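Residues per chain, in single letters:
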Amino acid sequence: METYSLLREFADSWMLLALFTFFVVMVLWVMFRPGSTKTYRDVAEIPFRHEDKPAPARDAKEA
């Protein structure tokens, strides 16, 4: 078997399985690691942090 065919067969089978497993583990780690809920909740609330003071309205004449 030549080198290209051997590497292609490896990439199509075992490497695909290894990368898919890595992807699933990373997704699970991000979702279920300790403290992640608080972190993601804090990041999700960034747009609403300054609701008590909205941006000033601009007059149509100033534009």
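A quick note: this is a predicted structure, and the numbers were derived from the prediction, not measured. (Residues numbered from 1 in each chain as written. Predicted model: local features only at pLDDT ≥ 70, side-chain atom pairs only at ≥ 80, totals over all residues. Heavy atoms only, no water.)

K.L.:
Where do I start with the overall build of the protein in this structure?
P.N.:
Within the protein, the secondary structure is distributed over two helices and zero strands. Taken over 63 residues, the protein has a buried fraction of 2%. (Helix = DSSP H or I, 4+ residues; strand = E, 2+ residues; numbered from the N terminus. Buried < 20%, exposed > 50% of the residue type's maximum accessible area, 1.4 Å probe, protein only.)

K.L.:
Help me understand the side chain of S36, please; the structure alone is not making it clear to me.
P.N.:
The topology assignment puts S36 in helix α2 (residues 36-44). For S36, a relative accessible area of 1% corresponds to the buried category. Here the side chain of S36 touches M31 through a polar contact of 3.3 Å, landing on its backbone oxygen. (Polar contact = N/O pair within 3.5 Å; in protein donor to acceptor, adjacent residues only side chain to side chain.)

K.L.:
I tried to follow the pattern of salt bridges on my own but got confused; where do I start?
P.N.:
A pair can form between side chains of opposite charge whenever their charged atoms are brought close. One pass over the structure, following the stated rule, counts one salt bridge. Residues R8 and D12 are paired through a salt bridge, measuring 3.1 Å at the closest nitrogen-oxygen approach. Highlighted residues: R8 and D12, both in helix α1 (residues 3-32), separated by four residues, approximately one helical turn. Its relative accessible area of 43% is what places R8 among the partly exposed residues. (Salt bridge = Lys/Arg side-chain N within 4 Å of Asp/Glu carboxyl O.)

K.L.:
Would you mind showing me how to read the packing of aromatic side chains here?
P.N.:
In this description, an aromatic ring pair is defined by two values, namely the gap between the centres and the angle between the planes. Evaluation of the coordinates by the stated rule reveals zero aromatic pairs. Over the face of the ring belonging to W29 we find R33, whose NZ or CZ atom lies 5.1 Å from the ring centre. (Phe/Tyr/Trp six-rings, centres within 6.5 Å; stacked < 30°, edge-to-face > 60°. Lys NZ or Arg CZ within 6 Å of the ring centre and 35° of its normal.)

K.L.:
Whenever I open this one, α1 confuses me. Can you help?
P.N.:
Residue pairs spaced three or four apart in an α-helix point in one direction, given the helix's 3.6 residues per turn. Taking 1.5 Å per residue as the helical rise, α1 with its 30 residues ought to reach 44 Å, and the 41 Å between its terminal C-alpha atoms agrees with that figure. Along its length, α1 reaches its greatest deviation from straightness, about 40°, at A11. (Expected span 1.5 Å × (residues − 1). Bend = angle between axes of the 7 residues up to and from the residue.)

K.L.:
Please clarify how the environment of V30 should be interpreted in this entry.
P.N.:
Within the secondary structure layout, V30 lies in helix α1. Residues V30 and Y40 lie ten residues apart in sequence; the distance between their C-alpha atoms is 9.9 Å. If we skip the residues at most four places from it in the chain, V30 touches S36 and Y40. (Contact = heavy atoms within 4.5 Å.)

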